[in-house]
Amino acid sequence: ANAYAEYHLRYSELGPPRGARAESLKWWASEIEKRTNGEVKIEFFWSQALSKGKETLRAVSTGLADAGTIMGPYNPAEMPVWNYGNLPFVAGDIWVTLRTWQDLQTTMPELSDEMKKNGIHLLANFTTGPSEIVSNFEIKSSADLDGKKIRATAGFIPLMKNLGAIPVNLGHSEIYQAMDRGTVDGGATYMFATRSYKFYEVADYVLEVNMGQILGYGAGINLKQWNEMPDNIKKVMTEVSEEFVEHYSKALIEDNASARAELLKGIDGKVMKINTLDEAERAKWKAAADELVVEWKERTEAKGIDSQKVIDQYNETFAKYQKELEEKGYPWNR
Amino acid sequence: MKNSFHYFEKSLVLVAGVAVMLMLAITTLSVIGRYVIGAPIPDDVVMNEFLMVFVVFLPFAFVQAQREHIMVTLFTDKLSDRTNLALDAFGFLLGFVFFAIMTYSAFHYFLDAWITGNYMEGPLALPEWPVRFIFFVGILMFTLRFAIDVVKAGLELTNRK
Amino acid sequence: MDPITLGFCGIGVLLLLIIIRVPIAVSLAVVGFVGLILAIGWPAGREADLARGWQAAINYIAFEPYSFVASFSLVAIPLFLMMGYVAFHFGFTRDGYDAARAWLSRLPGGLAIASVMGCAMFAAVSGSSLATAAAMGKLAVPEMLRYKYDKGLATGVIAASGTLGSLIPPSILMIIYGLFTELSVGKLLLAGLVPGILSALIYILMIIIRAMINPKLAPAPENVSWETRYKSLQGTWSIILLFVLVMGGIYAGIVTPTEAAAVGAAGAWGLAALSKRLKAREAKLSILETVTQSASIFAVVIGAKIFVGFIAITGVAGFLSDLALSLDYPPIVILLALSLVYVVLGTFMDPLGIMLLTLPVVVPVIENLGYDLIWFGVIMIKLLEIGLITPPVGLNVYILKGVIGDTVKLEVIFKGVLWFLVMDILTLLLLILVPEISLFLPNALN
Ligand code: NA
Ligand code: NA
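Conventions and cut-offs
Residues numbered from 1 in each chain as written. Chains lettered and ligands numbered in written order. Predicted model: local features only at pLDDT ≥ 70, side-chain atom pairs only at ≥ 80, totals over all residues. Heavy atoms only, no water. UniProt positions renumbered as here; feature names shortened; annotations may be inferred. Helix = DSSP H or I, 4+ residues; strand = E, 2+ residues; numbered from the N terminus. Rg over C-alpha atoms; globule rule 2.2 N^0.38 Å. Buried < 20%, exposed > 50% of the residue type's maximum accessible area, 1.4 Å probe, protein only. Contact = heavy atoms within 4.5 Å. Areas by Shrake-Rupley, 256 points an atom, 1.4 Å probe, with all protein chains shown as cover. pLDDT = per-residue confidence, 0-100. Buried area = accessible area lost by both parts, 1.4 Å probe. Salt bridge = Lys/Arg side-chain N within 4 Å of Asp/Glu carboxyl O. Polar contact = N/O pair within 3.5 Å; in protein donor to acceptor, adjacent residues only side chain to side chain. Nonpolar A, V, L, I, M, F, W, Y, C, P; charged D, E, K, R; others polar. Donors = N, O, S within 2.8 Å, 3.2 Å for Na, K, Ca; no water. Lys, Arg positive; Asp, Glu negative; His and termini not counted. Core = buried A, V, L, I, M, F, W, Y, C linked by side-chain atoms within 4.5 Å. Domains from an automatic or database assignment. Pairing = 2+ DSSP bridges. Axes fitted to C-alpha atoms, helices over the stretch in contact; angles between N-to-C directions. Parallel < 35°, antiparallel > 145°, perpendicular 65-115°, else oblique. Left-handed = near helix turned anticlockwise from the far one by under 90°.

If you check an unreviewed UniProt entry, chain B appears there as TRAP transporter small permease protein from Sneathiella sedimenti. Turning to chain B, the UniProt annotation filed under Function (unreviewed entry) states: "Part of the tripartite ATP-independent periplasmic (TRAP) transport system." In its Subcellular location (unreviewed entry) section, the UniProt entry covering chain B states "Cell inner membrane".

Structure (structure tokens):
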């Protein structure tokens, strides 16, 4: 035996070593290390220190990194099926949606094919959790958005436009400054991020819309590396990745809940008002994003994929876990 | 032949110049659009990102032709002209080898985008392959410029014997 | 092969190539590329599989430079460069410096001091040190040279004052540090303000003293009449308007800093037209110099990215920080040792690369030592800024070299920067010994 792990994996991660995903990833890595008796060791490169988020797919498929956080949104043509998960209003509850996409990785050939084609084996699916809006004016319905400058990216740009707002395309790390200076009046972000990015310092309101989540991203490993590893190690990594879904969902849901409570109570004396969009109004917002699903279908069909089949299988799996949630509650509460 | 290469090199700089003016125009018009008609130019961010590739990579060869790539001459100033020429030749050769490999890789990177039809998410769904092709052209020209400079330095070295 | 050894060998070869006048971009890229092949293809304790290293490295040198360049946050650099070139070629900077010379004639080193203040003001609108050096380089250096300022002083002052860009808010580096540490971005940005101004004041003091001792460094005009002074103001309205446009636009929240670069460049063109100075030759020169200089700057930055990719995989940055942090000495000694590590890393890496690779190791330890992370952030940013002006890889110095061309040698700039470097170390010691300099403003916010 030597002093080095048999499989020393470089993992290229998108964000900093803070927050629910980072904590869950650290747990994932240490569980894998423990259960393989140290044969697998995972070294993290946080905040894109090894490869840009946009290029992590390529970094992993070519072996620069052995594993990493693969971003579907940057590769819409290469991973059309996976990108269905990012469309506004497709996602629901965090655990249900995440559980669904984790399942589809193995049960939906259209999805696993596009991973394989890109030289990736996906271990664990991620999610950002529900997209909400922080703003320095109160939003109760889409009428309030009229003429307001709202930070949005990807599919949320046409959504905001259709609702009457002026979309401003900014990186997530630019929101703080843009809100502070008034360059934008609001921005699409997440409940947990409203706390961790300190948006409460520069905004007064949060609107809970759950306009969708980014689900087309996750922890992937180089396919060749994966195929070289012995079965017992693959088994452990798959097992831990499955548990990761529960672990991560729980952490994210709790993070959002505690952020929500704290924002309501006030941090450093700064209290936020949180409104929740009612169902009728939410349906109106959802309709404003319908064209995106049509566009997605056209593009996916053009790749020779039966898009309706993908949607049907997604809905079916989603319904199964939604029912499970309603009947039994979250797995960690059972 | 030699002149037409330099002419092409120069035209690429002009293209880069047009690109930087477009960046200026798109961003400024987008700001004006946001305030005046309540709508920015769609995909202004993506267009700017694409134009950056034109601005940065297309002038590489011309900049090398003008010897404007930055180097340290402090330690070699006292050496003879011939030694300096030999060192230059070595540097250009290294540059040639590296950028030849990069050209090959940039070409495959372009092919990838061409085959998959990758585009940038946004209202216009702008395709990526033309920009990656520009990247490839910039690096290819840079490599050829290094090749010319290696040969030139080599000839000068042998002539001076 | 031991990756740490490989990393240090790579640094050695890099130095050697730079010494034998291989273009810096080529030196960085070649060593980074070969290093990546070895680091990936020959991991510690395993057999070599160089085909694997080749496969990874060859792809990396295409997608990383491309994706790095195709990024919206970098758009500000060519556009600010363009603003500088336009203002220069149409004579706005000349007017501005003529006025500064007339009004500051009694002040030793007046133009250099005006340049420090110009940089500080520019820093207050741009989030990046590179953008500050790029824009102010063309605005200020040719003017100081025109008035026979010492070449080292004229270039050193801009390369060094350019580093204020990341200390005086806004600052991209500070925001990224904030995300890493989950500190209040507002407080962090505020914490950099006084240290930034302090750095500028110390520079100014040093310039005055040096110019008094050796007037040849900064020749001053004799007895400027009040008439000349008032007359000199006439031409300055355009450059003032340009500053107001850019700074006002950002502070009023009308534009983001990146957009401000475009608006500033557009404004410079507009002013050239308004003042009837617009000429085809100068217009063409402004555009061409903008793109060739962008290319030569980015060539080095791309080389640095490839090299940093290699250093990342070897783990040298984490190894050195670990070494400093594991010292069995009082916290202050550890902090000083860590500062030394940052200075060493700063000699051959870019600030963002250093930060991303060291923070995961450094932040928890600094927290455990009981230090204030806001205060540490200011110190670290200052250290990273110092790295921008230290040889051999000093990006601000390279930018300046690109902007001014053949008139001043690279070595002269590095030599000119030396004085400012000594002042930076003084500032740094003050910041370490008196945490209130950084902390009283953000604490007053509560
Ligand atoms: Na700044
Ligand atoms: Na340096």
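Draft legend 1. Representation of the overall build of chain B within the structure. The secondary structure content of chain B amounts to five helices and zero strands. Ordered by position from the N terminus, the helices and strands of chain B form the series α-α-α-α-α. For 161 residues, the compact-globule formula gives about 15 Å, and the C-alpha radius of gyration of chain B, at 20 Å, lies well above that figure. Principal-axis analysis of the C-alpha atoms places the extent of chain B at approximately 70 × 35 × 30 Å. The buried share among the 161 residues of chain B stands at 53%. In chain B, once contacts between residues fewer than 6 apart in sequence are set aside, the share between residues at least 24 apart is 76%. Surface exposure of chain B reaches about 7,300 Å², of which carbon and sulfur atoms provide 71%.

Draft legend 2. Molecular detail of the confidence of the model for chain B. Of the residues in chain B, 98% reach a pLDDT of 70 or more, and the chain-wide mean stands at 92. Here the predicted complex scores 0.91 on pTM and 0.92 on ipTM.

Draft legend 3. Here's a closer look at the interface of chain C and chain B. Facing the 59 residues of chain C at the interface are 56 residues of chain B. A buried area of about 5,000 Å², summed over both sides, lies between chain C and chain B, and 78% of it is on carbon and sulfur atoms. Counting across the interface, chain C meets chain B through three salt bridges. Between Lys409(C) and Asp77(B) there is a salt bridge, with the nearest N and O atoms lying 2.7 Å from each other. In this structure, the connection of chain C to chain B is made through nine residue pairs in polar contact (both at pLDDT 80 or more). Counting residues per element, the ones that place at least two in the side of chain C that touches chain B are α1 (3-19), α2 (24-41), α3 (50-69), α4 (76-89), α13 (257-274), α14 (280-314), α19 (395-404) and α20 (410-433) of chain C. At 14 residues, the largest contribution of residues to the side of chain C that touches chain B is made by α14(C). For the side of chain C that touches chain B, a count of residues per class yields 44 nonpolar, ten polar and five charged.

Draft legend 4. Fine view of the interface of chain B and chain A. With 18 residues of chain B at the interface, the matching set in chain A holds 20 residues. Looking at the side of chain B facing chain A, the largest losses of area belong to Arg34(B), Tyr119(B) and Glu121(B), adding up to 34% of the total buried there. In this assembly, chain B and chain A are joined by one salt bridge. Measuring nitrogen to oxygen at the nearest pair gives 3.8 Å for the salt bridge that ties Arg58(A) to Asp112(B). Between chain B and chain A we count four residue pairs in polar contact (both at pLDDT 80 or more) in total. Contributions of two or more residues to the side of chain B that touches chain A are made by α1 (2-36), α2 (44-57) and α4 (81-116) of chain B. Of the residues forming the side of chain B that touches chain A, the biggest block, three residues, is contributed by α4(B).

Draft legend 5. Spatial organisation of the coordination of the sodium ion (ligand 2). On the protein side, the sodium ion (ligand 2) has Gly346(C) (O), Gly387(C) (O), Thr390(C) (O), Thr390(C) (OG1) and Val393(C) (O) as donor atoms, found 2.2 to 2.6 Å from it. Here the donor residues for the sodium ion (ligand 2) map to a single chain with the spacing G-x40-G-x2-T-x2-V.

Draft legend 6. Here's a closer look at the UniProt feature "transmembrane region" (unreviewed entry) in chain B. All names here are of chain B. Under the present numbering, the feature "transmembrane region" (unreviewed entry) in UniProt falls on residues 12-33, 45-65, 85-111 and 131-151. Span residues 85-111 is 100% helix and 0% strand, its end C-alpha atoms 38 Å apart. Secondary structure across residues 131-151 divides into 100% helix and 0% strand, with the first and last C-alpha atoms of the span separated by 31 Å.

Draft legend 7. Looking closely at the side chain of Arg210(C). Tracing the backbone shows Arg210(C) in helix α10 (residues 185-213). It is Asp150(C) that comes nearest to the buried, bridge-free Arg210(C) among opposite-charge side chains, at 5.1 Å.

Draft legend 8. Representation of the nonpolar core. Trp28(A), Met160(A), Met211(A), Trp285(A), Phe135(B) and Tyr342(C) are the most contacted members of the largest nonpolar core, which has 345 residues in total. In terms of residue count, α14(C) provides more of this core than any other element does, 18 residues in total. When residues of this core are assigned to domains, at least three map to each of domain 1 (1-70 + 306-313) and domain 2 (74-295) of chain C. Setting aside chain neighbours within four positions, we find Tyr342(C) in contact with Ile354(C), Thr358(C), Leu359(C), Val362(C), Phe376(C), Met380(C), Leu383(C) and Leu384(C).

Draft legend 9. Seen up close, the side chain of Asn83(A). Within the secondary structure, Asn83(A) is located in the loop between β3 (67-71) and α3 (94-107). Note on Asn83(A): relative accessible area 4%, which makes it buried. Those residues in contact with Asn83(A) that lie beyond four places of it in its chain are Gly72(A), Pro73(A), Asn75(A), Pro76(A), Trp296(A) and Glu121(B).

Draft legend 10. Up close: the sheet that holds strand β11 (residues 273-276) of chain A. Residues and elements named next belong to chain A. Ordered by their spatial adjacency, six strands build an open sheet running β7-β6-β8-β5-β9-β11, and the pairing between neighbours is mixed. If you trace the sheet from one side to the other, it starts and ends with β7 (166-168) and β11, each paired once. Strand-to-strand, the axes of this sheet are offset by a mean angle of 30°, without reference to chain direction.

Draft legend 11. Molecular detail of the packing of helix α5 (residues 92-103) of chain C against helix α7 (residues 129-146) of chain C. Residue and element names in this part refer to chain C. Interhelical geometry of α5 versus α7 gives an angle of 55° and a closest axis separation of 9 Å. For the element pair α5 / α7, the angle class is oblique. Taken as a pair, α5 and α7 cross one another with a handedness that is right-handed. Counted together, Thr-93, Arg-94, Tyr-97 and Asp-98 of α5 and Leu-139, Ala-140, Glu-143 and Arg-146 of α7 form the full contact between these two elements. Residue composition of the contact of α5 with α7, grouped by class: three nonpolar, one polar and four charged.

Draft legend 12. Region of interest: unusual backbone geometry. Of note, the bond from Pro391(C) into Pro392(C) is cis; its omega dihedral lies within 30 degrees of zero at -5°. Within the secondary structure, Pro392(C) sits in the loop between α18 (373-387) and α19. One non-glycine residue, Ser47(A), lies in positive phi territory at about 50°. As for its placement among the helices and strands, Ser47(A) is situated in the loop between β2 (40-45) and α2 (56-61). Classification of Ser47(A) as buried rests on a relative accessible area of 15%. Within the chain, Asn210(A) stands out as a residue other than glycine whose phi angle is a positive 45°.

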